[in-house]
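Geometric and topological summary
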Amino acid sequence: MRLSAVLRSASRSFPSAAVSRPRFGLRALRSEGGSAGPGGCSVREASSGSGTGAAGPAMLFGKRRDHNGSPGHEAAFREIIQKSKEEITSLQKHHPSFKPVLAIIEAGEDDSLLEMNKDIAAKIGLNVIHICLPVECTEDEIIDEILKLNEDPKVHGLVLHLPPASHYSKVLNTVKLEKDVDGVTDLNVGRLVRGNVNECFVPPVASAVIELLGRHEASLEGKTVLIVGESGPLEVALQCLIQRKGGVVLSPGWKADIPQKQVQQADVVVLTSGNPEVMPPKGLRPGSIVINCAPAMVSEELQDGGISLEAGVGPLAAALRMQNAVMSGRRWVKHQQYKQWHLRCLKLQPLSPVPSDIEISRGQTPKAIDQLAKEIGLLADELEMYGRTKAKVRLSLLERLKEQPDGKYVLVAGITPTPLGEGKSTVTIGLVQALTAHLKSNSFACLRQPSQGPTFGVKGGAAGGGYAQVIPMEEFNLHLTGDIHAITAANNLLAAAIDARMFHEASQTDKALYNRLVPSVNGVRMFSSIQVARLQRLGINKTDPSTLTPEEINLFVRLDIDPSTISWQRGRDDERFMSNAIHISDANLTLKPWACSYDLELCCQNSCFFGGRDLNVLSF
């Protein structure tokens, strides 16, 4: 006989009543006196006590209440909510900018469980990001959303509210460990099994089961617990937690015929997933506790008996889920605090005689830049990678660490420049090596990017020297992230725009220039907003291109740049001897040649940044 039939038979002696369907619940089955009913069990609610008494035919229902008169799980629920609320208040008191955020990815329609999670989050002060996906969304679409939230430093917890069909291992394991407040990833479960509780999250449903059992009068020490359900993170977590409490775990999974011996041995039966076709058979021992962790299971069978069973696991699990989110926020805040780096320094093997700088550089294998970033506490989204050994740090880091105290600033300077330099870079690198590797003090070396002019000249590179240098030396000296080359291109682009404008004005009529500047598109000619602004600066308050007079067209299309007034120079980064004046003209000598010269690119960066404001009037 199935458990549902046992429970239905046991409840027939009670008056029926209209009740609501609980999604979760804990049922305590025990004998209060006389002979037990069919199946040898009586039914009590989740929070019932485990008192003893003589055998008798009576079967009682009731709720075990705490000293305040509230059901046990309700007291636990309130305590968890209050504790989480106080924790957030405390964190925000010391870190005013801290705002804990829980993200929920939902595929399908809202239900009471989802609304419960959102209500509890609002009650304790968690901000919620609710991402709704269509029920027919693909696995890749879900993973894309998870990856975005993984890299968002403002999100501290991530909950997946998905149909069972979407609970693929690939989806679950995409969740970042630090944000896995549901404890569903393999890495999280592995750490829980190993006992690294401070580095993982206990699955909320498993924690709720243990909490409810802990508030029951009976201890788990020496008790036998039968876990019925499909294997997954919840089952593994339950086994681990119950065994640490001294209980013996039996886990047959979903089978058509669960061994009768296991059922008779069980002091506690935990149903972890919904499969109404297969239930524990009859034979549950008197005093057994049945905990239902699965939605819409068992409770449907009890409706005919008129038994009102109050939900216990569901609300408690939701509260514990929020507690995990608060814990994640607390760990995140702690991670932001100043602490000693755990750097793995590269070992030096000094040779005698000392090799050349490039031989030393190539003889050492650089550490991967993403590994270095982890060791010094940078987040993945704060890094912009340029290959394996180079990266840029995003300015968002300043916002994240704005509450941290400033460090000390040491300036290494020289007074009298020499053709070969004074060794400022070498001294800087050497100081940082000593401070970090030997004195264990967090320190950075801040060097300017080398110019290729000195690099290709007598002076050489600017990466330091000997065993105190930046590696890989070639990449640092010649290209790095390409910023200087980008500035060169931007600077010379503006110079080319000036040349092109002068050439077109010298070789075309006003009408031809006007037709190119204000072309007819599908028979319609219109000024752009930039062109309207130029007309207004010229004192022409017209917006219809067909209404301009020939004199106004002449003013509009011609800048009449005098070559002798051009101060914008071209730039290069690898040749200092091109700074002398050169003469520029077009191949057909349409323009009179004019003098121009090259600047080293490091000298013309500021002009490049500030000189392009009116570039719009130069282009066609």
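Summarised in this report is the structure supplied together with it. Not measured: the values here are computed from a predicted model. (Residues numbered from 1 in each chain as written. Predicted model: local features only at pLDDT ≥ 70, side-chain atom pairs only at ≥ 80, totals over all residues. Heavy atoms only, no water.)

**A look at the packing of aromatic side chains**
The geometry of an aromatic ring pair is captured by two quantities: the separation of the ring centres and the angle between the planes. Overall, the coordinates contain 4 aromatic pairs when judged by the stated rule. Considering the side-chain rings of Trp341 and Phe444, the 5.2 Å spacing of their centres and the 70° angle between planes classify their relative orientation as edge-to-face. Linking Trp341 in the loop between helix H11 (313-336) and helix H12 (357-362) with Phe444 in the loop between helix H15 (424-438) and helix H16 (452-456), this pair joins segments that are 103 residues apart in sequence. Look at Trp341 and you get buried, because its relative accessible area is 18%. Given the relative accessible area of 58%, Phe444 is considered exposed. When the centroid spacing of 6.0 Å and the interplanar angle of 80° are considered together, the rings of Tyr514 and Phe556 count as edge-to-face. Here Phe556 lies in helix H21 (residues 550-557) and Tyr514 lies in helix H19 (residues 510-517), a separation of 42 residues in the sequence. The exposure class of Phe556 is buried, given its relative accessible area of 2%. Aromatic ring contacts, followed pair by pair, group Tyr514, Phe527 and Phe556 into a single cluster. (Phe/Tyr/Trp six-rings, centres within 6.5 Å; stacked < 30°, edge-to-face > 60°. Helix = DSSP H or I, 4+ residues; strand = E, 2+ residues; numbered from the N terminus. Buried < 20%, exposed > 50% of the residue type's maximum accessible area, 1.4 Å probe, protein only.)

**Observations regarding the pattern of salt bridges**
Overall, the coordinates contain 17 salt bridges when judged by the stated rule. Residue Glu399 is joined to Lys402 by a salt bridge in which the shortest nitrogen-to-oxygen separation is 2.8 Å. With a closest N to O distance of 2.5 Å, Arg558 and Asp510 form a salt bridge. On the criterion of sequence distance, the pair formed by Arg558 in the loop between H21 and strand S16 (570-572) and Asp510 in helix H19 is long-range, its members being 48 residues apart. Judged by relative accessible area, which is 21%, Asp510 ranks as partly exposed. (Salt bridge = Lys/Arg side-chain N within 4 Å of Asp/Glu carboxyl O.)

**Some points on H21**
Those residues of H21 that fall on the buried side of the exposure criterion are Glu552, Ile553, Phe556 and Val557. Buried positions in H21, seen along its axis, are confined to an arc of 120° and lie on one side of it. When the buried face of H21 is taken as reference, the exposed residues oriented beyond 90 degrees from it are Pro550 and Glu551. Close packing links the buried residues of H21 with helix H18 (483-507), H19 and helix H20 (529-537). (Arc of directions from axis to C-beta. Contact = heavy atoms within 4.5 Å.)

**Concerning the packing of helix H3 (residues 112-124) against H11**
Where H3 meets H11, the axes come as close as 9 Å, and the angle between the chain directions of the two elements is 50°. Viewed along their axes, H3 and H11 adopt a mutual orientation that is oblique. In this structure, the crossing between H3 and H11 has a hand that is right-handed. Where H3 abuts H11, its residues Met116, Asn117, Ile120, Ala121 and Ile124 lie against Gly314, Pro315, Ala318, Ala319, Arg321, Met322 and Val326. (Axes fitted to C-alpha atoms, helices over the stretch in contact; angles between N-to-C directions. Parallel < 35°, antiparallel > 145°, perpendicular 65-115°, else oblique. Left-handed = near helix turned anticlockwise from the far one by under 90°.)

**Things to note about the sheet that holds strand S3 (residues 101-107)**
An order of S4-S3-S5 is seen for the 3 strands of this open sheet, with the pairing classed as parallel. Looking at strand neighbours, the two that pair on one side only are strand S4 (127-133) and strand S5 (157-161), the edges of this open sheet. Taking the axes of each pair of neighbouring strands and ignoring which way they run, one obtains an average angle of 15° across the sheet. Judged from the 7 bridges that link them, S3 and S4 form a sheet pairing that is parallel. Along S4, the bridge assignment pairs Ala103 with Ile129. Along the sheet, helix H4 (residues 139-150) makes contact with S3, S4 and S5, crossing S4 at roughly 160°. (Pairing = 2+ DSSP bridges.)

**Thoughts on H3**
For H3, built from 13 residues, the straight-helix expectation of 18 Å at 1.5 Å per residue is met to within 8% by its first-to-last C-alpha distance of 18 Å. Along H3, the positions that sit buried rather than exposed are Leu113, Leu114, Asn117, Ile120, Ala121 and Ile124. Seen end-on, H3 carries its buried residues on one side only, within an arc spanning 130°. Directly beyond the C-terminal end of H3, a positive phi value near 100° is found at Gly125. (Expected span 1.5 Å × (residues − 1).)

**Some thoughts on the nonpolar core**
Core analysis: the biggest nonpolar cluster contains 48 residues, and Leu238, Val268, Val270, Ile291 and Leu316 have the highest contact counts within it. Examining the composition of this core, we find that 9 residues originate from one element, H11, more than from any other. In terms of nonpolar packing, the next biggest core, distinct from the first, is built from 18 residues, Ile142, Ile143, Leu158 and Leu162 among them. (Core = buried A, V, L, I, M, F, W, Y, C linked by side-chain atoms within 4.5 Å.)

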